[in-house]
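A structural walkthrough
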Amino acid sequence: MSHSTVPRTRAEADATKKTPVASGDATGPHGGKRRPGKLSLRLRLRLRRDRVLLLMTLPAVLLVLLFNYVPILGNVVAFQEYDPYLSDNGVVSILHSPWVGLENFQRIFEDSAFWNSVRNTLVLFVLQLLLYFPIPIALALLINSVVRPRVRAISQAILYLPHFFSWVLVIAVFQQLLGGAGLLSQLLRDHGYDGLSVMTDPDTFKFLVTAQSVWKDAGWGIIVFLAALASVSPDLYEAAAMDGANRWRRMWHVTLPALRPVIALLLVLRVGDALTVGFEQILLQRDAVGPGAAEVLDTFVWWNGVRNQDFGYAAAAGLVKGVISLGLVLVANKVAHLMGEQGVYKK
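As the structure is a computational prediction, the values presented were derived from the model and not from experiment.

The rules we used
- Residues numbered from 1 in each chain as written.
- Predicted model: local features only at pLDDT ≥ 70, side-chain atom pairs only at ≥ 80, totals over all residues.
- Heavy atoms only, no water.
- Helix = DSSP H or I, 4+ residues; strand = E, 2+ residues; numbered from the N terminus.
- Buried < 20%, exposed > 50% of the residue type's maximum accessible area, 1.4 Å probe, protein only.
- Lys, Arg positive; Asp, Glu negative; His and termini not counted.
- Salt bridge = Lys/Arg side-chain N within 4 Å of Asp/Glu carboxyl O.
- Contact = heavy atoms within 4.5 Å.
- Patch = residues over 30% accessible without salt bridge, like charges linked within 9 Å, V, L, I, M, F, W, Y side chains within 5 Å.
- Areas by Shrake-Rupley, 256 points an atom, 1.4 Å probe, with all protein chains shown as cover.
- Phe/Tyr/Trp six-rings, centres within 6.5 Å; stacked < 30°, edge-to-face > 60°.
- Lys NZ or Arg CZ within 6 Å of the ring centre and 35° of its normal.
- pLDDT = per-residue confidence, 0-100.
- Expected span 1.5 Å × (residues − 1).
- Polar contact = N/O pair within 3.5 Å; in protein donor to acceptor, adjacent residues only side chain to side chain.
- Axes fitted to C-alpha atoms, helices over the stretch in contact; angles between N-to-C directions.
- Parallel < 35°, antiparallel > 145°, perpendicular 65-115°, else oblique.

Quick notes on the side chain of Lys206
Looking at where Lys206 falls in the secondary structure, it is placed in helix H11 (residues 205-230). Buried and without a salt bridge, Lys206 has Asp203 as its closest oppositely charged side chain, separated by 7.5 Å. Look past the residues within four positions of Lys206 in its chain and what remains in contact with it is Asn120, Val123, Leu124, Leu127 and Ala293.

Comments concerning a nonpolar patch on the surface
On the surface, Leu55, Leu58, Val61, Leu62, Val64, Leu65, Tyr69 and Ile72 cluster together into a nonpolar patch covering about 740 Å² of accessible area. If you trace the backbone, Tyr69 turns up in helix H3 (residues 51-69).

Regarding the packing of aromatic side chains
Summed over all chains, the structure comprises 13 aromatic pairs. Taken together, the aromatic side chains of Phe109, Phe114, Trp115, Phe300 and Tyr313 make up a single cluster linked through ring pairs. Looking at Lys216, its charged tip hangs above the ring of Trp167, at a distance of 5.1 Å from the centre. Over the ring of Trp303 we find Arg286, and its NZ or CZ is 4.2 Å from the ring centre.

Some details on the pattern of salt bridges
Using the criterion set out here, one finds 5 salt bridges in the structure. In this structure, Arg49 engages Asp50 in a salt bridge whose closest nitrogen and oxygen atoms are separated by 3.0 Å. Look at Arg49 and you get exposed, because its relative accessible area is 58%. Judged by its relative accessible area of 22%, Asp50 is partly exposed. One salt bridge connects Lys216 with Asp217, and the closest N-O pair in it is separated by 3.7 Å. Exposure remark for Lys216: the relative accessible area of 9% places this residue in the buried category.

A look at the confidence of the model for the chain
Low-confidence regions, as indicated by low pLDDT, have predicted coordinates that should not be scrutinised in detail. Across the chain, the average pLDDT comes to 81, with 87% of residues at or above 70. Low confidence marks residues 1-13, where pLDDT is under 50. Its contacts with residues over four positions away, or in another chain, come to 4 contacts. This stretch, residues 15-31, has a pLDDT under 50; its non-local contacts, to residues over four places away or in other chains, come to 13 contacts.

Remarks on helix H6 (residues 112-132)
The end-to-end C-alpha distance of H6, which contains 21 residues, comes to 29 Å, matching closely the 30 Å that a straight helix rising 1.5 Å per residue would cover. Taken residue by residue, H6 has Phe114, Asn116, Ser117, Val118, Asn120, Thr121, Leu124, Phe125, Leu127, Gln128 and Tyr132 as its buried positions. The N-cap of H6, judged by a side-chain oxygen 3.0 Å from the amide nitrogen of Ala113 a few residues on, is Asp111.

Focus on the packing of helix H7 (residues 134-144) against helix H8 (residues 149-160)
The interhelical angle for the contact between H7 and H8, taken along N-to-C directions, is 160 degrees, at an axis separation of 10 Å. What the angle tells us is that H7 and H8 run roughly antiparallel. Note on element contacts: H8 touches H7 through Arg152, Gln156 and Leu159, opposite Leu139, Ile143 and Asn144.

Looking at the side chain of Gln212
By the element assignment, Gln212 lies in helix H11. Those residues in contact with Gln212, other than ones at most four positions away along the chain, are Trp167, Val170, Ile171, Phe174, Met199, Gln281 and Gln285.

Written out as structure tokens, the structure reads:
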């Protein structure tokens, strides 16, 4: 038999076996036609091999479906005049609540309080994006430049500690510092000035909320960026130093490009979370400054749904918020793709 018809290597033999037949019909492992709906041999082998991992993952998948996807069906109350007191069973109450169509959405777009909450939410998001987002990057670069590991570990632990504090404790700390009877007011009075209460000033409330978020959650961002910095090869820094680059040039041309994928990913996630600017944090301080300055979309939904018992109206507002957030994620991810980064998902 000639060499032109006999494969000379095992790879060529395997490739010959995998070559589809000319008729184009799907065939099984023994040359017969594969019946529709029947799993392929490779898929059956993978399922048998990974059955333990699949069983371990199954409880988590069920929990995600139960608590994250099944509640999405409850958004139907946005198109109803929902009354939870029609029955002890929530599903029965949904089935018997009258339909109002788009009336709840029409009420939303005509409500000045809703647009005020949208404006406050967007202002808080822009402030937190401009003031909060760069701070963990700067602190991570600063900690990474520390030579002594012990000093670096202590600094990281101190900055990360407030992340474990509840918002009640964080607001209490700021109240003791910036409240009407706080440390700052007492120092001003001791020196002959009038005291002030930053905690009850509507004009400075948005900066106060941003400062609280920076103090509490900057440590979490530091850990993410330090993990990204740990993956940078020291050879790159050595090569840049041999080329005459000083510390600032190495940071600009080596460190920041290494952080760019992580920055793009976190920025996309932050934009997707733009309309969620801290429900518990703002709700605890809402009465101190008034709804005009502190009402955001989350507190607007809570106030109308839980306090005013207008569940359909609140569900419509929450649904609008979810749709806008999804659009922001898609836009931000597209921008990340244009910048050459992966974002949340690939193209």
